[in-house]
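Working through the structure, step by step
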Amino acid sequence: MSQTALPTEAIDQKRFRQLLGCFPTGVAIISTSDHDGRPLGLTCNSFSSVSLEPPLVLFSLRNASSLLARFMEADAFAINILSQSQDQLSGRFASSKIADKFEGVSWRAGPLGTPLIDGCLASFECQVHARHEAGDHTIFIGEVKHMGADSADHALVFYKGAYMMLAESLRKLVLEGKLNTADIDEAYRALYGTLLRLGCERATPEEVDAIEAAVHEIEQHQHLDALPKRIDATARFFSSIAQAGHNEALTLMAQTMTAVLRERMTHVLPTPPRPDVFPLRRKIVDCLRARDVDGATAALDALITCLRKEAGTS
């Protein structure tokens, strides 16, 4: 019996990358040496284990990478797992502006001759087991020949475009009440005011629909036992505004502010049902549709002022 093929939906690359960011990953520097023995390396979060017997691991490398040819020529590579105190190394080896990534970096040659960075949580020195082309990347599978550990620190974790240690630090500050409420409100006004201005210029009708859907969902979860759903919908409201602004740097900042919002609504601020502010959120949506910058930002300012006044905080 034949089956009718279901229509496939085109995958938006930007959205694909954002959703992949929902999976927290460790951060590693993949290193090897060129034919003159010079160390080379790049930041990677595509490292994964493959097999215990034999001990196999893999990483993938963009075919557009300037280092692809060097890794294709090499018969060995090393995986250097970074600790949370090595975030500067992550940025250094990810930068296209630094020619010699290893300049000033403490490292040693492993038994296979690959560069092992000092102070990492763990290192795996591998002989190349296989290479496979896969879309716009090449997958390198290595057989682990030597391994070791240098540090007892916590791992550097990447999540939704930011280092997890930043998110954890923010969470701690929120729970300890060390973030000033007035400063947070000012940050919301500045960040989301800018995103609303951009949204009035760049948002598609579908993106405004997504903001309106979040507003509707907030309004549907006003009973007292619906706080978790109301928090989720509120976070979706602000993240949808960020998406409509079409600015990746500001979207990353908005993700941080969303983390702060969730913690404050869950643990710090009283969050009773607030049907009185429904019109303000709807006005933001209406102004976005009308491309009314001043109206959208004024509604946001009124929303923040109203919510804070009712909460009884300065």
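A few points on the structure.

Basis of the calculations
- Residues numbered from 1 in each chain as written.
- Predicted model: local features only at pLDDT ≥ 70, side-chain atom pairs only at ≥ 80, totals over all residues.
- Heavy atoms only, no water.
- Buried < 20%, exposed > 50% of the residue type's maximum accessible area, 1.4 Å probe, protein only.
- Helix = DSSP H or I, 4+ residues; strand = E, 2+ residues; numbered from the N terminus.
- Pairing = 2+ DSSP bridges.
- Salt bridge = Lys/Arg side-chain N within 4 Å of Asp/Glu carboxyl O.
- Core = buried A, V, L, I, M, F, W, Y, C linked by side-chain atoms within 4.5 Å.
- Contact = heavy atoms within 4.5 Å.
- Expected span 1.5 Å × (residues − 1).
- Axes fitted to C-alpha atoms, helices over the stretch in contact; angles between N-to-C directions.
- Parallel < 35°, antiparallel > 145°, perpendicular 65-115°, else oblique.
- Left-handed = near helix turned anticlockwise from the far one by under 90°.
- Nonpolar A, V, L, I, M, F, W, Y, C, P; charged D, E, K, R; others polar.
- Polar contact = N/O pair within 3.5 Å; in protein donor to acceptor, adjacent residues only side chain to side chain.

Across the six residues that make up strand β2 (residues 28-33), a large majority, six, are buried. The two faces of β2 match: Ala28, Ile30 and Thr32 on one face and Ile29, Ser31 and Ser33 on the other face are all buried. With six bridges connecting them, β2 and strand β3 (residues 39-44) associate as antiparallel partners. For alanine 28, the partnering residue across the bridge sits in β3 and is cysteine 44. Inspection of the sheet shows β2 paired to strand β6 (residues 76-81) by four bridges, in the antiparallel sense. Looking across to β6, one finds that isoleucine 30 is bridged to isoleucine 79.

Attention now goes to the pattern of salt bridges. Between side chains of opposite charge, pairing is possible as soon as their charged atoms come close. On inspection of all chains with the given rule, the structure shows 13 salt bridges. Of the charged contacts in the structure, one is a salt bridge between arginine 289 and aspartate 209, with a shortest N-O distance of 2.7 Å. Linking arginine 289 in helix α9 (residues 278-289) with aspartate 209 in helix α6 (residues 205-220), this pair joins segments that are 80 residues apart in sequence. The partner of aspartate 276 in a salt bridge is arginine 274, with the nearest N and O atoms 2.7 Å apart. One network of salt bridges, in which partners are shared, links Asp34, Asp36 and Arg38.

A few words on the nonpolar core. One finds Tyr192, Leu195, Phe237 and Ile284 to be the most contacted residues of the largest nonpolar core, which totals 40 residues. Contributing elements (two or more residues each) for this core: α4 (164-175), α5 (181-202), α6, α7 (227-245), α8 (248-268), α9 and α10 (293-311). In this structure isoleucine 284 touches Leu196, Phe237, Ala296, Ala299, Leu300 and Leu303, once residues within four positions along its chain are discounted. By size, the runner-up hydrophobic cluster in this structure holds 19 residues, among which are Leu40, Leu42, Val57 and Phe140.

This part takes up the pairing of strand β5 (residues 56-62). It is a general feature of regular strands that their side chains alternate between the two faces of the sheet. By the bridge criterion, three bridges tie strand β4 (residues 48-51) to β5 in an arrangement that is antiparallel. Residue pairing for β5: serine 48 is matched across the bridge by leucine 58. Between β4 and β5, which pair antiparallel one after the other, the connecting turn spans four residues. Where β5 lies against strand β10 (residues 137-148), seven bridges are found, and the strand directions are antiparallel. Pairing of leucine 58 across the sheet is with isoleucine 141, part of β10.

Attention shifts here to α7. With 19 residues, α7 ought to run about 27 Å at 1.5 Å a step, and its terminal C-alpha atoms sit 28 Å apart, in line with that. Just downstream of α7 lies histidine 246, where phi reads positive at about 55°.

All right, on to the packing of α5 against α7 then. Viewed as axis vectors pointing N to C, α5 and α7 meet at an angle of 50°, and their least axial separation amounts to 7 Å. One way to sum up the angle between α5 and α7 is to call them oblique. Every pair of crossing elements has a handedness; the one defined by α5 and α7 is left-handed. In contact with Tyr192, Leu195, Leu196, Leu198, Gly199 and Arg202 of α5, α7 contributes Phe238, Ile241, Ala242, Ala244 and Gly245. Here the residues of the contact of α5 with α7 are counted per class, giving eight nonpolar, two polar and one charged.

Another aspect to go through is the side chain of glutamine 86. With respect to the helices, strands and loops of the structure, glutamine 86 is situated in the loop between β6 and α3 (87-94). From its side chain, glutamine 86 meets the backbone oxygen of glycine 119 in a polar contact 3.4 Å long. Once residues lying within four places of it in the same chain are set aside, the contact partners of glutamine 86 are Ile81, Asp118, Gly119, Cys120 and Leu156.

Moving on, we come to the sheet that holds β5. If you walk across this open sheet you meet the seven strands as β3-β2-β6-β9-β10-β5-β4, and the pairing is antiparallel. Two strands bound the open sheet, and with one partner strand each, they are β3 and β4. Mean inter-strand twist for the sheet, computed between neighbouring axes without regard to direction, equals 35°. Contacts from α3 reach β2 and β3 within the one sheet, and its direction differs from that of β3 by about 110°.

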